[in-house]
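For reference, the chains in residue letters:
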Amino acid sequence: MTGTDADPTDLSADLPDTPDRERRYSAPALEKGLDILEFLSECRDPQSLQQIGDGVGRTKGEIFRMVSVLAQRGYIERLEGDDRFRVTDRLFRLGMNRPVNRSLIEIALPFMNAFAEKTGYSCHLAVMSGTQIAVVARVESTSHIGFTVRIGYRQPLVLTGSGHCLMAFIGARRRHGLYEELRREDPWIDLDALDRNLDAVRAAGHVARPSGITEAVVDLSCPVIDRREGGAAAALTCPYLRTRQVPKEPAEILAALDEASRRISEIFSLD
């Protein structure tokens, strides 16, 4: 086919071959909306219109209508009685509608419930989202006292047991790319120390480490392996806090967690 006969609807030719290849198409309004969503998703605190404009390099006038539309569509929300905005979980819920995510959650929940019944502890299922974890399913403790996290909970990979589990059991090439992203976010990160920690996790087959978020909590985490893809699809994690009501040792909880993650992996790899 000659250049003049090319199908104008075929976008494959416009995918960048090199980082500096000039893009042929642009959609300024769409890019502006994505910039706003990405900026707000990285902010821990709600942001004013001025802060959003500064964050995406635009004036308040340039982003006013886009912010209004994103709020109307439910992708961001304005705090009641305030002029600040934060991102909602709408995009997260859209992502969870992907068949692979629905399948993983449907397979995992019965084993997560069985784990909670057997141990009296809560557990949650986390997947990798950029350089963060995202919790996609949870089961609460069956005892009166327990520690749990909400669905949609996000934290940096490097601070969580789930994150260390996911990083340890993904493929080497993917992990190398992840290291580059982590370095861009934090030029001072000690990747050599992180790599040694992940080597130890792989040797043990699980994570057992103090939480990087909450004092007194120990993160126990086992990988859910997708054998078709060859690596961790998710991390099954229990936030362990010893209580007098359920005086179980970490080794006992880890054994039950490992059994659940193995069963989930077996079925998920066949699904």
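Along every chain, residues carry numbers that run from 1 in the direction the sequence is written. Only residues with pLDDT of at least 70 get local features here, since the model is predicted, and only at 80 or more are side-chain atom pairs given and counted; chain-wide, interface and lining totals rely on the full set of residues. To get the side-chain values, all heavy atoms of the structure are used, and hydrogens and water are removed first.

Visitor: Could you give me a rundown of the environment of Ser211, with the residues and numbers involved?
Guide: Helix and strand assignments follow DSSP, with helices taken as H or I runs no shorter than four residues and strands as E runs no shorter than two, numbered in order from the N terminus. Turning to its location among the elements, Ser211 is positioned in the loop between strand 7 (207-210) and strand 8 (218-226). Given the relative accessible area of 15%, Ser211 is considered buried. Between the C-alpha atom of Ser211 and that of Gly161, which follows or precedes it by 50 residues, the distance is 6.7 Å. Whether two residues touch is decided by their heavy atoms; if any such pair falls within 4.5 Å, the residues are in contact. Those residues in contact with Ser211, other than ones at most four positions away along the chain, are Leu159, Val217, Val218 and Asp219. A polar side-chain atom of Ser211 sits 3.0 Å from the main-chain amide nitrogen of Thr214. Residue burial is assigned from relative accessible area. The probe radius is 1.4 Å, only protein chains are included, and a residue is buried under 20% of its type maximum, exposed over 50%, and partly exposed in between. Polar contacts, as counted here, are pairs of nitrogen or oxygen atoms within 3.5 Å of one another; within protein the pair requires one atom able to donate a hydrogen and one able to accept it, and residues that are adjacent in sequence qualify only if both atoms are side-chain atoms.

Visitor: Which residues make up helix 6 (residues 161-169), and what are the values?
Guide: Given 3.6 residues per turn, any residue in an α-helix points the same way as the ones three and four places further on. The element helix 6 is extensively covered by neighbouring structure, given that 9 of its 9 residues are classed as buried. Within the span of helix 6, buried status applies to Gly161, Ser162, Gly163, His164, Cys165, Leu166, Met167, Ala168 and Phe169.

Visitor: Hey, could you go over the sheet that holds strand 3 (residues 84-87) for me, with residue numbers and the actual values?
Guide: At least two bridges found by DSSP between two strands is the condition for calling them paired. Pairing is antiparallel in the open sheet, where 3 strands are placed in the order 1-3-2. At either margin of the open sheet sits one strand with a lone partner, and together these are strand 1 (47-48) and strand 2 (76-78). Where strand 2 lies against strand 3, 3 bridges are found, and the strand directions are antiparallel. Opposite Arg78, over in strand 3, you have Phe85 as the bridge partner.

Visitor: So what about the nonpolar core? Which residues, and what values?
Guide: The nonpolar side chains of soluble globular proteins are, as a tendency, buried together. In terms of nonpolar packing, the biggest core is built from 31 residues, with Leu104, Met112, Phe115, Leu125, Leu236 and Ile264 touching the most fellow members. Looking at this core, the elements with two or more residues in it are helix 5 (99-119), strand 4 (123-129), strand 5 (132-139), strand 8, strand 9 (231-240) and helix 9 (250-270). In terms of residue count, the dominant contributor to this core is helix 5 (8 residues). In this structure, Leu125 is in contact with Leu104, Ala108, Met112, Ala134, Val135, Val136, Ala137, Val224, Ala234, Ala235 and Leu236, ignoring residues within four places of it in sequence. By size, the runner-up hydrophobic cluster in this structure holds 24 residues, among which are Cys165, Phe169, Ile189 and Leu194. To define a nonpolar core, start from buried Ala, Val, Leu, Ile, Met, Phe, Trp, Tyr and Cys residues and group those joined through side-chain atoms within 4.5 Å.

Visitor: Give me the packing of helix 2 (residues 49-56) against helix 3 (residues 60-72): which residues, what numbers.
Guide: The interhelical angle for the contact between helix 2 and helix 3, taken along N-to-C directions, is 110°, at an axis separation of 9 Å. Regarding the angle of helix 2 to helix 3, the classification is roughly perpendicular. Where helix 2 abuts helix 3, its residues Leu49, Gln50, Ile52, Gly53 and Val56 lie against Lys60, Ile63, Phe64 and Val67. Split by residue class, the contact of helix 2 with helix 3 holds 6 nonpolar, 2 polar and 1 charged. Interaxial angle, 0 to 180 degrees, is taken between N-to-C directions of lines fitted to C-alpha atoms, where a helix line uses only the stretch in contact. Our angle categories are set so that under 35 degrees counts as roughly parallel, over 145 as roughly antiparallel, 65 to 115 as roughly perpendicular, and the remainder as oblique. Residues are sorted three ways: Asp, Glu, Lys and Arg are charged, Ala, Val, Leu, Ile, Met, Phe, Trp, Tyr, Cys and Pro are nonpolar, and all the rest, Gly among them, are polar.

Visitor: Can you break down the packing of aromatic side chains residue by residue, with the values?
Guide: Stacked, edge-to-face and tilted are the three classes for Phe, Tyr and Trp ring pairs, Trp counted by its six-membered ring, which pair at centre distances within 6.5 Å; planes under 30 degrees apart are stacked, over 60 edge-to-face, the rest tilted. The final tally for this structure, using the stated rule, is 1 aromatic pair. For the ring pair Tyr121 and Tyr240, a centre distance of 5.4 Å and an interplane angle of 20° mean the geometry is stacked. In this pair, Tyr121 sits in the loop between helix 5 and strand 4 while Tyr240 sits in strand 9, placing the two residues 119 residues apart along the sequence. Side by side, Tyr121 and Tyr240 carry an identical accessibility label, which is buried.

Visitor: Which residues make up the environment of Thr214, and what are the values?
Guide: Locating Thr214 in the fold gives a position in the loop between strand 7 and strand 8. A relative accessible area of 27% means that Thr214 is categorised as partly exposed. Remark: the alpha-carbon pair of Thr214 and Thr160, spanning 54 residues in sequence, is separated by 9.8 Å.

Visitor: If you had to explain a negative patch on the surface to someone new, which residues and values would you point to?
Guide: Patches here are clusters of residues that have more than 30% relative accessible area and form no salt bridge, with a 9 Å joining cutoff for like charges and a 5 Å cutoff for nonpolar side chains (Val, Leu, Ile, Met, Phe, Trp, Tyr). The Shrake-Rupley method, run with a 1.4 Å probe sphere, supplies the accessible areas, and residue values consider only the shown protein chains as cover. Any Lys or Arg side-chain nitrogen found within 4 Å of a carboxyl oxygen on Asp or Glu counts as a salt bridge. This count recognises Lys and Arg as positive and Asp and Glu as negative, with His and chain-terminal groups excluded. Every charge is mapped to an atom, namely NZ of Lys, CZ of Arg, CG of Asp or CD of Glu. Taken together, the side chains of Asp35, Glu38, Glu42, Glu180, Glu181, Glu185 and Asp186 present a region of like negative charge at the surface. The set of elements that each furnish at least two residues to the negative patch consists of helix 1 (28-41) and helix 7 (172-185). It is helix 7 that contributes the most residues to the negative patch, 3 residues altogether. Relative to the assigned elements, Glu181 resides in helix 7.

Visitor: Please give an account of the pattern of salt bridges that cites residues and values.
Guide: For the structure shown, the criterion picks out 8 salt bridges. Its salt-bridge partner being Glu259, residue Lys118 comes within 3.4 Å of it at the nearest N-O pair. Here Lys118 is found in helix 5, whereas its partner Glu259 is found in helix 9, with 141 residues between them in sequence. With a relative accessible area of 56%, Lys118 lands in the exposed category. Here Arg138 ties to Glu140 by a salt bridge, and the two come within 3.3 Å at their closest N and O atoms.

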